Each structure stands twice: as structure tokens, then as C-alpha cells.
Amino acid sequence: MDTTKKTIIVFSGDFDKAMAAFIIATGAAAMGDEVTMFFTFWGLSVIRKPEKVRSSGKKSILQSMFGKMMPRGPGKLGLSKMNFGGMGAPLMKKVMKSHNVMTLEELIATAREEGVKLVACTMSMDVLGFSKEELLDDIDYAGVGAYLGGADEANVNLFI
Amino acid sequence: MDTTKKTIIVFSGDFDKAMAAFIIATGAAAMGDEVTMFFTFWGLSVIRKPEKVRSSGKKSILQSMFGKMMPRGPGKLGLSKMNFGGMGAPLMKKVMKSHNVMTLEELIATAREEGVKLVACTMSMDVLGFSKEELLDDIDYAGVGAYLGGADEANVNLFI
Amino acid sequence: MDTTKKTIIVFSGDFDKAMAAFIIATGAAAMGDEVTMFFTFWGLSVIRKPEKVRSSGKKSILQSMFGKMMPRGPGKLGLSKMNFGGMGAPLMKKVMKSHNVMTLEELIATAREEGVKLVACTMSMDVLGFSKEELLDDIDYAGVGAYLGGADEANVNLFI
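Since we're looking at a predicted model, the values are computed, not measured.

Details of the relation of the copies chain A and chain C
Here comes step 1: With an axial shift of 0.0 Å and an RMSD of 0.0 Å, the rotation relating chain A to chain C amounts to 120 degrees. Here the transformation between the copies is reduced to the relation of a three-fold axis.
Here comes step 2: When the interface residues of chain A are mapped onto chain C, a mere 16% of them again fall at the interface, so the copies present different faces.

Some thoughts on the interface of chain B and chain A
Here comes step 1: Opposite the 32 residues of chain B that make contact, chain A presents 27 residues.
Here comes step 2: Interface area for chain B against chain A, summed over the two sides, is near 2,500 Å², with a carbon-plus-sulfur share of 79%.
Here comes step 3: Taken together, the links from chain B to chain A amount to two salt bridges.
Here comes step 4: Among the ionic pairs, D152 of chain A bridges to K6 of chain B, the shortest N-O distance being 2.7 Å.
Here comes step 5: The interface formed by chain B and chain A includes seven residue pairs in polar contact (both at pLDDT 80 or more).
Here comes step 6: Ranked by residue count, the leading element in the side of chain B that touches chain A is helix α1 (residues 15-30) of chain B, at eight residues.
Here comes step 7: Its residues assigned to classes, the side of chain B that touches chain A comprises 19 nonpolar, seven polar and six charged.

Digging into the pairing of strand β1 (residues 5-10) of chain A
In the case of a regular strand, side chains alternate between the two sheet surfaces.
Residue and element names in this part refer to chain A.
Here comes step 1: Among the six residues that make up β1, six are buried, leaving the element largely enclosed by the rest of the structure.
Here comes step 2: The alternating pattern of β1 places K5, T7 and I9 and K6, I8 and V10 on opposite faces, both of which are buried.
Here comes step 3: Relative to strand β2 (residues 34-39), β1 runs parallel, the two sharing six bridges. Within the sheet, the bridge partner assigned to T7 lies in β2 and is T36.
Here comes step 4: With respect to chirality, the unit in which β1 leads through helix α1 (residues 15-30) into the neighbouring parallel β2 is right-handed.

A short note on the sheet that holds β2 of chain A
One key point about sheets: their strands pair by backbone hydrogen bonds, in either a parallel or an antiparallel sense.
Residues and elements named next belong to chain A.
Here comes step 1: An order of β4-β3-β2-β1-β5 is seen for the five strands of this open sheet, with the pairing classed as parallel. Only two strands of the sheet have a single neighbouring strand rather than two, namely β4 (140-142) and β5 (156-159). Direction aside, neighbouring strands of the sheet carry axes that sit 20 degrees apart on average.
Here comes step 2: The pairing of strand β3 (residues 117-121) with β4 spans three bridges and is parallel. Bridge pairing in β4 links C121 to A142.
Here comes step 3: In the packing of helix α6 (residues 144-153) onto the sheet, contacts are made with β1, β2, β4 and β5, and the angle to β1 comes to roughly 140 degrees.

What counts, and at which threshold
Residues numbered from 1 in each chain as written. Chains lettered and ligands numbered in written order. Predicted model: local features only at pLDDT ≥ 70, side-chain atom pairs only at ≥ 80, totals over all residues. Heavy atoms only, no water. Least-squares fit on C-alpha atoms with pLDDT ≥ 70 in both. Contact = heavy atoms within 4.5 Å. Buried area = accessible area lost by both parts, 1.4 Å probe. Salt bridge = Lys/Arg side-chain N within 4 Å of Asp/Glu carboxyl O. Polar contact = N/O pair within 3.5 Å; in protein donor to acceptor, adjacent residues only side chain to side chain. Helix = DSSP H or I, 4+ residues; strand = E, 2+ residues; numbered from the N terminus. Nonpolar A, V, L, I, M, F, W, Y, C, P; charged D, E, K, R; others polar. Buried < 20%, exposed > 50% of the residue type's maximum accessible area, 1.4 Å probe, protein only. Pairing = 2+ DSSP bridges. Right-handed = clockwise from strand over helix to strand, strands pointing away. Axes fitted to C-alpha atoms, helices over the stretch in contact; angles between N-to-C directions.

See below:
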């Protein structure tokens, strides 16, 4: 075990939970830790590109439906509480901005600069029909085996 | 500490989170890890028998009410997001099936074959009025002390 | 690493999840563990004073709004599931009381007597506009760096 490794499973696609995940990840990376974030299920929304991308794979009707309804990237995520039909997140962002908290987009960029490893769960991609082009470029792709290998080497493993 | 032990608290009774928990658990067990899953609060729904079982204990009116409203087993769980009044889970299952993902029922069966220890939280059973007959047969029953004992010996401890 | 340290991030402001967090925390503390709980985002509701407190800092309109909508302390929290417009938590408390489960207020008091360290996330306080007077007295205040320092010394780190 190595006290300088951390893993975070980002299962949630909520703005507030994604913020928490990236604040922890960038904080740990700033302290020199090796951090790996696994994006699975709804968490794939967090690393989705904001623009509409033509998927290289063929999507089933259900996959198209999930794809249409899942938010396209950090700018479109809702709050886990007090979402008010989508109004909650913009209000939360406004109050965060006035307190000089980094935006989620900035936190993601910072995480990448710091070397935080972003990993998309391949099984979730398969099920929900996301192709690589629809997610952020230059990330990693792996399954539960890789997660468990990483978790075994880490001393902090969170599920968010 | 032993790198081959894992614990997962399954607090959630959502289909998608239960899937995540069992994918991690069965993955770890397949790699030779000793995995213990503690089902507490809404998580008891996941290990509930699908059929209506006459409870051996007397239930209060409130317990009967919670019992009636909590889903009976993996087949009845809803999604944590995009549940659409219950339609979300069947659609998710359909898309999972078409991608050859094991069903939650199959994952639970696999977990048991692999020796994953399923533990029902006795305090939650007491509060929500679940008797042993209402839950899967041949599981374990324990409280927070046993959980903490297990977590102390494990290197990955998740709360889902 | 020290097997007698535990950390819990309490991100959720739901009654049932707060109960789970404090049952684990007081259980671990009773077994001699050093437990630190970090209250962040909605979790600040759990350590909020029940009475209306005149904040020492000036709140923006948005902060006042979040302050008005976020529950004031353990007595006002809702359930994460089956909340029924606020009726779920009182019913859950009633059934818990009839089974001699400690109330959330009692669990918090017990945690404090046992020496569980309650820490409010300063960034969340800043963003949501909570001053120290609005939260429980004699708690600690810290940021993500302190959390990570604590997590590095602990053998169980949960995100609830």
C-alpha cells in the first residue's frame, strides 16, 4: 500500500457531487498524490463533451434516449438537492463564482494538468452507448479489474 | 491489514447502485478477494425475497407501511436517476441485457457462489420490521461492530 | 497508517444518511477509534443549530435563499427516499424510537462525548454563507487539505 495513491469512483452525475470529487482529487494531486478517478454510470456525464458528437458506433433506440437525456458535460449537470427543475445548479454556480471557487470546468482542467488519471468505465460506455469521441479526449478506458488493481495500491478509496 | 479483503456498505436500494456494488464485489471475489457486503436501511430491499413472506415477528402499522412500500428484491428496484415512475429500471435492464451484462439476480447468485459474504444489518431489520424469512436464505446478520471489525481488516471500504 | 483512525465525509443532508454516518462514527469511537467527520455541502445542515441565528457575516441574496431552504439541524432533515413531502422522516423517527434506537440528536451528543471530531468544511461555509455561530459550538473548521491529512492516517474513509 502506498499512502500517495487515491481512487475515486464517480458514479453520480450531479454537479455538487462532481464538484466534491474534483475538489478532493485536485487537492490530493496538489499534495503530490497519484489520483485515479473512475467515471461510471451517470458519472460519464461529467466527462462528456459539451458539443453534440457523431458517435462512431451505432446506438440502439434506448441508448439514443439515454444519450439525449444524460447531461452533456459539466456545464449541464444538475444538483442532487434543490435542483428546482434545473435552476439550482446555475444559482449554485453563481454563488460559487462570487466566492472565487473554481468552476467544475476549471477543476477538471486543473486535475488533468496535475496528472489526475481520468478513466471511463468501459462497461458503462457499452451499456449507455457512449463512444470514445463523445467523452473528453486523452482519457483512459478500463473496467472493474483495473479499478480494483488501483484501489489495492491506494490508501483512500471513495465512492461518490 | 490484508490487501485481499474488501467491505461494501449497501445503504442504497436503487437498482443502478446495487448493480455497481455487485459488479465491484463479484469482480473482487473473482480476483480472490474476501468480500463482505453489509445491507442496511434501503439496501435491505436488495436482499429481500421477491415473494410475499409471512413474517414471523409482529409488525407495527408503520413497519407494515415501510414493508409495503420498499421494493421486494432486485427485480423491483428503481433507478436513482431517470426512474420515470418506475419505467427507467426496465429500460436500463433491457439495454443491459442487449449488451450481455449479467442481471442483478445473476450477479447476486455469482457473488454467493464466489463466497461473497452477504450481511443484513440487524438494527435496520429491527427498525423496518424485516424478519429473517423475508430476506434471502443463508445470509449473515450483524451490527455495526461486526462491520467495523471487517473494515479494519480490509483495504477497500466503500459506502454505496 | 493507524488502524484506529476513521474519517467520514458527510456530504448528504438526509436524515437516514446522517443516522448511518453517526451510527458508524459512535460505534467506532466506542471501540476506541479516533473518528473525524467532515461536514460539507448539504451535510452542513446536520450540524446546523435549530434556532434562527443572526449571522455575523453579511449574506448575499442567494446565500440567504440557500440558508432558508436548507434544514436547521438534525430535527429538520428529510429522508433520502420515501420522504413524502416531509412526512417520511417523522414516521421513520417514530418507528426508530419504538425500537429504542438513539435519536440523531442523541447520537451527535454521544459522538461528542466520545471525542469524535466534528469538522465543518470552510469552503462550503463560505459558499453557502454559513457563519460559525449558525453551526454547533466547539466544532472544528477546515478545508480539503486537513481532510486529506486525516484520511492518510486513517484505515477507513467513507463518503456518505
